[in-house]
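The primary structure of each chain is shown beneath.
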Amino acid sequence: MALLRQPLLALARSARVRELVTTSPVSSGVVRGYVPGETTQAVVGAAADLVDDGLKVTLDFLGEDTTDHARADATVEAYVEVLGQLSARGLARHVEVSVKLSAIGQALPRSERGDGHRVALENARTICRAARNAGTTVTLDMEDHTTTDSTLAILRDLRKDFPETGAVLQAYLHRTEADCRSLAHEGSRVRLCKGAYDEPEEVAYQSRLEVDTSYVRCLKTLLSGQGYPMIATHDPRMIEIACSLANRYGRDQGSYEFQMLYGVRPEEQRRLAASGESVRVYVPYGAEWYGYLMRRLAERPQNLSFFVRSLISKK
Ligand code: FAD
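Reading guide: rules and limits
Residues numbered from 1 in each chain as written. Predicted model: local features only at pLDDT ≥ 70, side-chain atom pairs only at ≥ 80, totals over all residues. Heavy atoms only, no water. Near = heavy atom within 4 Å. Polar contact = N/O pair within 3.5 Å; in protein donor to acceptor, adjacent residues only side chain to side chain. Helix = DSSP H or I, 4+ residues; strand = E, 2+ residues; numbered from the N terminus. Nonpolar A, V, L, I, M, F, W, Y, C, P; charged D, E, K, R; others polar. Buried < 20%, exposed > 50% of the residue type's maximum accessible area, 1.4 Å probe, protein only. Pairing = 2+ DSSP bridges. Right-handed = clockwise from strand over helix to strand, strands pointing away. Axes fitted to C-alpha atoms, helices over the stretch in contact; angles between N-to-C directions. Expected span 1.5 Å × (residues − 1). Arc of directions from axis to C-beta.

Lining the immediate environment of the ligand, one finds 24 residues, of which Y34, G195, T233, H234 and E299 sit closest. A distance of 2.8 Å separates a nitrogen atom of the ligand from a polar side-chain atom of Y34. Within the side chain of R208, an N or O atom sits 2.9 Å from an oxygen atom of the ligand. Sorting the residues of the shell around the ligand by element identifies β4 (167-170), β5 (189-193), β7 (257-261) and α12 (290-299) as the ones contributing at least two each. No other element matches β7, which puts three residues into the shell around the ligand. For the shell around the ligand, the class distribution of residues is 11 nonpolar, five polar and eight charged.

Extensive coverage of strand β8 (residues 279-285) is indicated by the burial of seven of its seven residues. Of the two faces of β8, both are covered, the one formed by V279, V281, V283 and Y285 as well as the one formed by R280, Y282 and P284. By the bridge criterion, six bridges tie strand β1 (residues 56-61) to β8 in an arrangement that is parallel. Following the sheet pairing, V57 is matched in β8 by V281. Strand direction decides the pairing type here: β7 and β8, joined by four bridges, are parallel. Each residue of the ladder has a partner; that of L261, found in β8, is Y282. Note that the unit made of β7, helix α11 (residues 266-274) and β8 has a crossover that is right-handed.

Hydrogen bonding along the main chain pairs the strands of a sheet, whether they run parallel or antiparallel. With parallel pairing, the eight strands of this open sheet are ordered in space as β3-β2-β1-β8-β7-β6-β5-β4. Edge positions in the sheet fall to β3 (138-140) and β4, since each of these pairs with one other strand and no more. Across this sheet, the average inter-strand angle for adjacent strands is 30 degrees, counted without regard to direction. Here strand β2 (residues 95-99) pairs with β3 via three bridges, running parallel. The partner of V97 across the bridge, within β3, is V138.

Quick look at helix α5 (residues 69-88) now. Its 20 residues give α5 an end-to-end C-alpha distance of 29 Å, which sits within 8% of 28 Å, the value for a rise of 1.5 Å per residue. All buried positions along α5 are accounted for by A72, T75, V76, A78, Y79, V82, L83 and L86. Across the axial projection of α5, the buried residues extend over an arc of 155 degrees, all falling on one side. Seen from the open side of α5, the exposed residues pointing more than 90 degrees away from its buried face are A70, E77 and A88.

Pasting the structure below:
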């Protein structure tokens with residue numbers, strides 16, 4: 001099954017397959033398992049239900065690899081709108097937002113507004129300001145390794161005005177242990193995940209064992225440091241190790257948090273929350289769900305055979 005990961009992640013970038021999948025009625029059942037809705041209203045409702053269950057939430061307006069300014073600007077507006085709604089409904093204390101910089105211009109060519117890096121920084125600033133006004137925070141998602149330096153540079157710039165801004169580090173990258181050391185300082189919010197993109201062996205560990213051992217080394221650095229670690233995994237072994245490391249380093253519950261994706265191991269999310277841990281659910285929403293869905297299928301190929309068989313039988 002692991003062999004399927006690479007082709008699936010390649011398909012995530014194919015325009016023809018994207019068209020086939022997004023227009024098929026079969027997709028909607030699988031998509032709904034991972035994406036609760038397309039509109040601001042739907043996602044704020046879903047967030048409110050999770051908060052009622054004792055969970056925290058981070059919202060991701062779907063869209064990535066934006067190739068024009070209009071779409072990048074529309075994404076910024078969507079974030080500003082949802083942040084306004086969160087504030088109006090008194091949810092901002094429990095619900096923050098996650099932002100992919102490629103959705104707000106990081107990959108755009110140079111224009112009168114500057115290069116993609118500059119456009120993404122200015123757009124991210126607008127979202128951080130709206131989040132601050134609403135009473136919540138922003139976390140910058142991490143995408144493929146060609147964007148890591150730009151994303152961490154944007155994080156550094158944003159943190160001068162918005163020190164509450166969070167970052168994501170991916171344990172599969174060779175560089176990440178060092179990045180954890182630089183970001184384990186006081187006030188630093190770091191989400192540690194394994195990593196979801198198809199990365200070459202020059203920059204990333206390829207075997208599950210290597211990725212898992214890197215994850216544990218990074219956990220040690222973050223949990224023994226001064227920052228606020230956000231432990232993003234569904235892996236029962238990583239969760240168990242994180243709990244025992246938190247204990248070893250004298251961390252109280254609430255001085256770190258667990259994070260999981262909407263629709264993945266929901267009973268474990270509630271079990272951890274009931275045991276006193278802070279648990280945040282990552283909730284994507286919007287119409288641009290294709291790339292997100294492909295990465296989730298790549299992580300869980302059991303879902304895939306059902307999905308592909310249904311697609312073929314409809315054509
Ligand atoms: P795995 O070893 O992949 O999975 C462990 C177990 O979890 C599996 O055996 C299965 O039972 C369950 N599981 C895992 N995935 C699924 C699934 N899709 N469907 C059903 N069951 C599943 N990656 C990035 O590259 N950048 C990011 O910014 C980013 N942000 C993330 C934010 C959050 C809150 C989370 C939870 C993940 C994020 N990821 C991100 C994805 C991450 O990198 C992994 O690809 C993903 O979480 C799977 O790894 P795992 O740690 O759950 O372990």
